Amino acid sequence: MPELPEVESVRRGLARALTGRTITRATVLHPRPVRRHLLGPDDFVAQLAGRTFAEPRRRGKYLWLPFADGDAVLAHLGMSGQFRFSAADAPHAPNTRVLIDFADDGPQLRFVDQRMFGGLSLSEGGAELPPEIAHIARDPFDPAYQLADVVRRLRRKRTGIKRALLDQQLVGGIGNIYADEALWRARVHYARATDTMSRASAVAVLTAARAVMAEALDAGGTSFDSLYVDVNGSSGYFDRSLAVYGREGEPCPRCGSPIRREAFMNRSSFRCPRCQRTPTAGHARF
Ligand SMILES: [Zn+2]
């Protein structure tokens, strides 16, 4: 799933090409991507006509396209959702699911999704923050994000640090890739018990998470999957800068020890066995 930097890359592309444009017509080519719109595809299409987009917004990994009238389209990229702009008469890319035409006769917005875990739904009153994602915590790039508050709540939890980083109700936007990279930078093992961490160590991990995501954003995100692309069809190149994620057996960029991959929460964790030592029994929560 795309994480914060990849979603923000998409949001920036949409902000340039969508803001201020008025919809004339929406076309749903496959009902599955609008399944979260409970009144069905016909209602989705009818609701969109005549609305004008304001600037797209994001919280954590979640993206929404506000309308000037206070409602919004909530966009789930899922595993493979993409927004593309094309001339209305250009051939459809494979897996094109939804089309949106505009009054200015400029490029058509197309939602393309191969696996269709993603989708679009109308969020009434969702322009400021869709109620569907109101439980998602602010991410480190949110102007109202409070590092000290997140650190305090993190150290009250009785869990492992990586589980805490992935908890979108504690801090938004961090997924498997950037959690592993942040922990490597801060030299912390993923199972370190949050309630035994020093304040300084918790600050270091969260600060590293913000830094690594900022660098990834500058690189356009990480192309961990060829299905993830921005609105121009390009994927980011931050995967070249990853220190541990996906690098099993390769040398740690800091100490040269071979990177280790371990099963974690039905996925994998990558760490340096020397820089990120396994905590002692009383300091670990797997
Ligand atoms: Zn190392």
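Residues numbered from 1 in each chain as written. Predicted model: local features only at pLDDT ≥ 70, side-chain atom pairs only at ≥ 80, totals over all residues. Heavy atoms only, no water.

Engineer: Help me understand the overall build of the protein chain in this model?
Structural biologist: Each helix and strand in the protein chain was counted, giving six helices and ten strands. Here the protein chain has a C-alpha radius of gyration of 20 Å; the compact-globule value for 286 residues is 19 Å, and the two agree. Oriented by its inertia axes, the alpha-carbon framework of the protein chain measures out at about 60 × 35 × 30 Å. For the protein chain, with 286 residues in total, the buried portion stands at 53%. Surface summary for the protein chain: the accessible area is close to 12,500 Å², and the carbon and sulfur share equals 48%. Averaged over its 41 positive side-chain charges, the protein chain has a centre that lies 10 Å from the centre of its 31 negative ones. (Helix = DSSP H or I, 4+ residues; strand = E, 2+ residues; numbered from the N terminus. Rg over C-alpha atoms; globule rule 2.2 N^0.38 Å. Buried < 20%, exposed > 50% of the residue type's maximum accessible area, 1.4 Å probe, protein only. Areas by Shrake-Rupley, 256 points an atom, 1.4 Å probe, with all protein chains shown as cover. Lys, Arg positive; Asp, Glu negative; His and termini not counted. Charge placed at Lys NZ, Arg CZ, Asp CG, Glu CD.)

Engineer: What's the story with the sheet that holds strand E4 (residues 72–76) in this structure? I'm lost.
Structural biologist: Either a parallel or an antiparallel arrangement is found when strands of a sheet pair, and the pairing is made through backbone hydrogen bonds. The strand order across the open sheet built from four strands is E2-E3-E4-E8, with neighbouring strands paired in antiparallel fashion. A single partner strand is all that each edge strand has here, and the edge strands are strand E2 (57–59) and strand E8 (119–123). Across the sheet, the mean angle from the axis of one strand to that of its neighbour is 25 degrees, orientation sign disregarded. With three bridges joining them, E2 and strand E3 (residues 62–66) adopt antiparallel strand pairing. When the sheet's bridge partners are listed, Arg 57 is paired in E3 with Trp 64. Most of the contacts of helix H1 (residues 4–18) go to E3, to which it runs at about 15 degrees, and overall it touches E2 and E3. (Pairing = 2+ DSSP bridges. Axes fitted to C-alpha atoms, helices over the stretch in contact; angles between N-to-C directions. Contact = heavy atoms within 4.5 Å.)

Engineer: I would appreciate a short explanation of the coordination of the zinc ion in the present structure.
Structural biologist: When four donors bind a metal tetrahedrally, each ideal donor-metal-donor angle is 109.5 degrees, and when six bind octahedrally, the ideal angles are 90 or 180 degrees. The zinc ion binds to the protein through Cys 252 (SG), Cys 255 (SG), Cys 272 (SG) and Cys 275 (SG); the donor distances cover 2.2 to 2.4 Å. Taken together, the four donor atoms coordinating the zinc ion and their angles of 97 to 115 degrees define a geometry best described as tetrahedral. Taken in sequence order, the residues that donate to the zinc ion follow the motif C-x2-C-x16-C-x2-C. For Cys 272, a relative accessible area of 0% gives the class buried. (Donors = N, O, S within 2.8 Å, 3.2 Å for Na, K, Ca; no water. Tetrahedral: all angles 85-135°; square planar, octahedral: opposite > 155°, others 65-115°.)

Engineer: Help me understand the sheet that holds strand E5 (residues 81–86) in this model?
Structural biologist: Spatially, E1-E6-E7-E5 is the arrangement adopted by the four strands of the open sheet, whose pairing is antiparallel. Of all the strands in the sheet, just strand E1 (23–28) and E5 have a single pairing partner and so form its edges. Each neighbouring strand pair of the sheet contributes to a mean axis angle of 20 degrees, computed without reference to strand direction. Relative to strand E7 (residues 108–113), strand E6 (residues 96–102) runs antiparallel, the two sharing four bridges. Directly across from Leu 99, in E7, lies its bridge partner Arg 110.

Engineer: Can you walk me through unusual backbone geometry in this structure?
Structural biologist: The phi torsion of most residues other than glycine is negative, and most of the peptide bonds are trans. The phi dihedral of Arg 187 falls on the positive side, at around 60 degrees, and the residue is not glycine. Of note, Arg 187 is situated in the loop between helix H5 (176–186) and helix H6 (199–218). Unlike most non-glycine residues, Met 265 shows phi in positive territory, near 50 degrees. Mapped onto the fold, Met 265 is located in the loop between strand E9 (260–264) and strand E10 (267–271). Look at Met 265 and you get partly exposed, because its relative accessible area is 37%.

That is the geometry; function is a separate question.
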